[in-house]
Amino acid sequence: MAASTAAALCAGAAFAAPARPVEVQPHKALYDMTLESSKPNSGVVGATGSLAYQWGESCDGWTIEQRYKLNMQYEQDQPVDINSNFVTWESKDGKSYRFNERRMRNGQQDEDIKGDAGMKGAKGAGGAVFTRPKDQNFDLPPGSLFPTAHTLLLIRKAQEGEHYVAADVFDGSSVDGAVDISAVVGPKLDAKANPPSADVKSPLIDHPSWNIRMAFFPESSKDESPDYELSMRLMDNGVSSEMTIDYGDYVIKAKLKEIQALPKPTC
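Notes on the structure follow. (Residues numbered from 1 in each chain as written. Predicted model: local features only at pLDDT ≥ 70, side-chain atom pairs only at ≥ 80, totals over all residues. Heavy atoms only, no water.)

Scanning the chain from terminus to terminus reveals two helices and 14 strands. Relative to the compact-globule value of 18 Å for 267 residues, the chain shows a C-alpha radius of gyration of 19 Å, a close match. Over its C-alpha atoms, taken along the principal directions, the chain stretches across nearly 60 × 50 × 40 Å. Counting every position in the chain, which comprises 267 residues, the buried fraction comes to 43%. In the chain, the proportion of contacts linking residues at least 24 apart, taken out of those at least 6 apart, comes to 53%. Of the accessible surface of the chain, which amounts to about 14,100 Å², a share of 50% is contributed by carbon and sulfur atoms. Each charge class in the chain can be summarised by its mean position, and for the 28 positive and 37 negative side chains these summaries are 5 Å apart. (Helix = DSSP H or I, 4+ residues; strand = E, 2+ residues; numbered from the N terminus. Rg over C-alpha atoms; globule rule 2.2 N^0.38 Å. Buried < 20%, exposed > 50% of the residue type's maximum accessible area, 1.4 Å probe, protein only. Contact = heavy atoms within 4.5 Å. Areas by Shrake-Rupley, 256 points an atom, 1.4 Å probe, with all protein chains shown as cover. Lys, Arg positive; Asp, Glu negative; His and termini not counted. Charge placed at Lys NZ, Arg CZ, Asp CG, Glu CD.)

Set out below in structure tokens:
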């Protein structure tokens, strides 16, 4: 997203009130995925699928597992089935991260990515080491965040009334380095006045929330247009009731179907 780092966002923090801790609720959720819109020249005429998401917590870290199945339909080509399983572990101190993704396309392996990353270098810099599909290393800019730390930052800044958050983020979902993520945070929404879902009733989504739109820019890119944009309604407990992914030519929507709380660790 933007070139500013998390360190720059915290400038002047010594003069601010102590940050309010974010109380994350570990959970698993199921989303229905559909095609929300497409441009006439995109060739995309339909998309259906599901996303199973699980955010777990241990005493020293966070686990995320995302499994999605998506069938893409095209005007002039055969449909394409995409299956992905992305699993990560991230230390709560933000210094260590492990990632593993396997993606299938029409039953054939399309991606097999595995590696780890850390923020341990001089002046707050870090590095990522891929072991699959081949040995490869990337430097990470000082102040880079891993995905859970970035989500917690978004919630904390939203709680503090910030409307723009920029950070360098590394998630390991592609063989590349960190990306610049620029997030625009909307006004705080009350769950009763603005129900997050008409179909799902759960205390997990009966929380204050914000509409957040994020633009993703590869770190090395000089292009002023993002690779893609992600919008979501994010609760103050880390739950998202809906998401849209805008690839430019078409937009995929993920709508919450089921959600269940997971236990918090006793540490």
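Let us look at the packing of aromatic side chains. What the rule picks out here adds up to eleven aromatic pairs. Note on Tyr97 and Phe146: the rings are 4.8 Å apart at their centroids and 10° apart in plane angle, and the pair reads as stacked. In this pair, Tyr97 is assigned in strand 5 (residues 96-105) and Phe146 in the loop between strand 8 (136-140) and helix 2 (147-159), connecting sequence segments 49 residues apart. Here the two residues Tyr97 and Phe146 agree in accessibility, since each one is buried. Between the aromatic rings of Phe216 and Tyr228, the centroid separation amounts to 4.4 Å while the plane-to-plane angle is 15°, which identifies the pairing as stacked. Within this pair, whereas Phe216 is found in strand 11 (residues 209-218), its partner Tyr228 is found in strand 12 (residues 228-235), the two being separated by twelve residues in sequence. (Phe/Tyr/Trp six-rings, centres within 6.5 Å; stacked < 30°, edge-to-face > 60°.)

As a further point, take the nonpolar core. Core analysis: the largest hydrophobic core is formed by 45 residues, its most contacted members being Tyr31, Leu154, Ile212 and Met214. Not counting the four nearest positions on each side in its chain, Tyr31 is found in contact with Gly49, Ser50, Leu51, Tyr53, Ser240, Ser241, Met243, Ala254, Lys255, Leu256 and Lys257. In terms of nonpolar packing, the next biggest core, distinct from the first, is built from 13 residues, Phe99, Phe130, Phe138 and Phe170 among them. (Core = buried A, V, L, I, M, F, W, Y, C linked by side-chain atoms within 4.5 Å.)

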